[in-house]
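What follows is the residue order along each chain.
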Amino acid sequence: MFSPHRLLVLDADGTTIDAFSALGKTFRLHDMDLGDLERFQKRRNLFKYLGGLKEFPSNLRRQLGKQKRKALINTLTQIYREEASLYPGMADLILALKARPEIRLGLVTRNITNQPKQTLRQLFLRHGVDLEQLDFFIHVPLSEEKTAHLARLRERFAVNPALAFACGDERKDYQAALQNGFHPFMVSYGFEDHDRLVGKIGVPEALISRTPEQLRQRVLHALAAEPASQAVGEGQ
């Protein structure tokens, strides 16, 4: 038997958190250059954080060595805890959904800062959101995928897959959602650009929000958390 609940899984970096700005400042403080968002979104894997052809040689020299990488993560952690921002409207979205007893809401993240749960608690608290008040808050090690965690959440809350939703900005977010029967809310303002999401990953264009505001409107409407009349004017 299914419960009467709906389930929404939020991603952190690139979906609710403006991770690119935090990464950019971290790199600058270590005399490195991340490049602009457009080129950052087009890079893959290791090169995403070492820069493109322009930034790679200088960044590589500065990231060689365990201690230098450790210092980079330490700085990123401090920036997340003290300065990093949620995208506009994300705090309001979370607070609106948290007030709905029929919605099971939480965060599943692969954040790479030190003590990531403590880091994200501090970041969200600065925006008026207490992650301890959500229904779940899961940190997934980089060696694991989100897929199994989404499956366990769906089983834990006995949610009908037709009423399960997951937000994300990368290929692995999309795949984890589909493999568990979740409806994916994908965004193109994070770590993957719109063209790659559609052309390389195969995300239907209709599932992609180009701005945080568009994501907010789509989520609220899908979860019946605002009157339908308020969502009529959303850009398609």
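Residues numbered from 1 in each chain as written. Predicted model: local features only at pLDDT ≥ 70, side-chain atom pairs only at ≥ 80, totals over all residues. Heavy atoms only, no water.

### Examining the side chain of His5
Keep this limit in mind: Strands are runs of DSSP state E lasting at least 2 residues, helices are runs of H or I lasting at least 4, and numbering of each runs from the N terminus. Each residue is placed in one exposure class: buried if its accessible area under a 1.4 Å probe, protein chains only, is under 20% of its type's maximum, exposed if it is over 50%, and partly exposed if it falls in between. Pairs of N or O atoms are called polar contacts if they sit within 3.5 Å, as long as, within protein, a hydrogen donor faces a hydrogen acceptor (for residues adjacent in sequence, only side-chain-to-side-chain pairs). In this analysis, two residues are considered to be in contact whenever any of their non-hydrogen atoms come within 4.5 Å of each other.
Along the chain, His5 falls in the segment before strand S1 (6-10). Overall, His5 belongs to the buried group, its relative accessible area being 18%. Side chain to side chain, His5 and Arg104 meet in a polar contact 2.9 Å long. Excluding residues within four positions of it along the chain, His5 makes contact with Pro101, Glu102, Arg104, Phe157, Val159 and Leu163.

### Re the confidence of the model for the protein chain
Caution applies to low-pLDDT parts of the model: their predicted coordinates are not meant to be read in detail. The condition that has to hold: Known as pLDDT, the predictor's confidence for each residue is given on a scale from 0 to 100.
Looking at the protein chain as a whole, its pLDDT mean stands at 87, while 84% of the residues score no less than 70. Of the regions scoring below 50 in pLDDT, residues 45-61 engages in 31 contacts with residues more than four places distant in sequence or in other chains.

### Some thoughts on the packing of aromatic side chains
To keep it simple, the criterion reads: Classification of ring pairs rests on two measures: the distance between centres of Phe, Tyr or Trp rings, Trp counted by its six-membered ring, which must be within 6.5 Å, and the angle between planes, read as stacked under 30 degrees, edge-to-face over 60 and tilted in between. Placement of a positive charge over a ring is assigned whenever Lys NZ or Arg CZ falls within 6 Å of the ring centre and within 35 degrees of the normal to the ring plane.
A full pass over the atoms with the stated rule returns three aromatic pairs. Ring geometry for Tyr87 versus Tyr189: centroids 4.7 Å apart, planes at 70°, classification edge-to-face. Taken together, the positions of Tyr87 in the loop between helix H5 (66-82) and helix H6 (90-98) and Tyr189 in the loop between strand S5 (183-187) and helix H10 (194-199) put the pair 102 residues apart, joining distant regions of the chain. Accessibility expressed as a relative area gives 11% for Tyr87, which makes it buried. Measuring from ring centre to ring centre gives 5.6 Å for Phe165 and Phe185, while their planes differ by 25°; the resulting arrangement is stacked. One end of the pair, Phe165, is in strand S4 (residues 164-168); the other, Phe185, is in strand S5, with 20 residues separating them in the sequence. Above the plane of the ring of Phe137 lies Lys117, whose end atom (NZ or CZ) is 5.4 Å from the centre.

### Thoughts on the pattern of salt bridges
Definition in use: Here, a salt bridge means any Lys or Arg side-chain nitrogen found within 4 Å of an Asp or Glu carboxyl oxygen.
Evaluated as defined, the whole model comprises ten salt bridges. Of the charged contacts in the structure, one is a salt bridge between Glu83 and Lys25, with a shortest N-O distance of 2.4 Å. Taken as a pair, Glu83 in the loop between H5 and H6 and Lys25 in helix H1 (residues 19-29) lie far apart in primary sequence, 58 residues in all. We note a salt bridge from Glu145 to Lys172, for which the minimum N-O separation is 3.5 Å. Of this pair, Glu145 sits in the loop between strand S3 (136-139) and helix H8 (147-156) while Lys172 is found in helix H9 (residues 171-179), placing the two residues 27 residues apart along the sequence. What emerges from the salt-bridge pattern is a single network uniting Arg6, Arg100 and Glu102.

### With respect to the environment of Leu93
Among the secondary structure elements, Leu93 is positioned in helix H6. Taking the relative accessible area as the measure of exposure, Leu93 reaches 2% and is therefore buried. Remark: the alpha-carbon pair of Leu93 and Glu213, spanning 120 residues in sequence, is separated by 9.6 Å. Apart from residues lying up to four places away in sequence, Leu93 is in contact with Arg216, Val219 and Leu220.

### Re the sheet that holds S1
So the rule is basically this: Pairing between two strands requires that DSSP report at least two bridges joining them.
Taken in spatial order, the six strands make up an open sheet running S3-S2-S1-S4-S5-S6, and their pairing is parallel. Each edge of the open sheet is held by one strand with a lone partner, namely S3 and strand S6 (208-209). Inspection of the sheet shows S4 paired to S5 by four bridges, in the parallel sense. Looking across to S5, one finds that Phe165 is bridged to His183.

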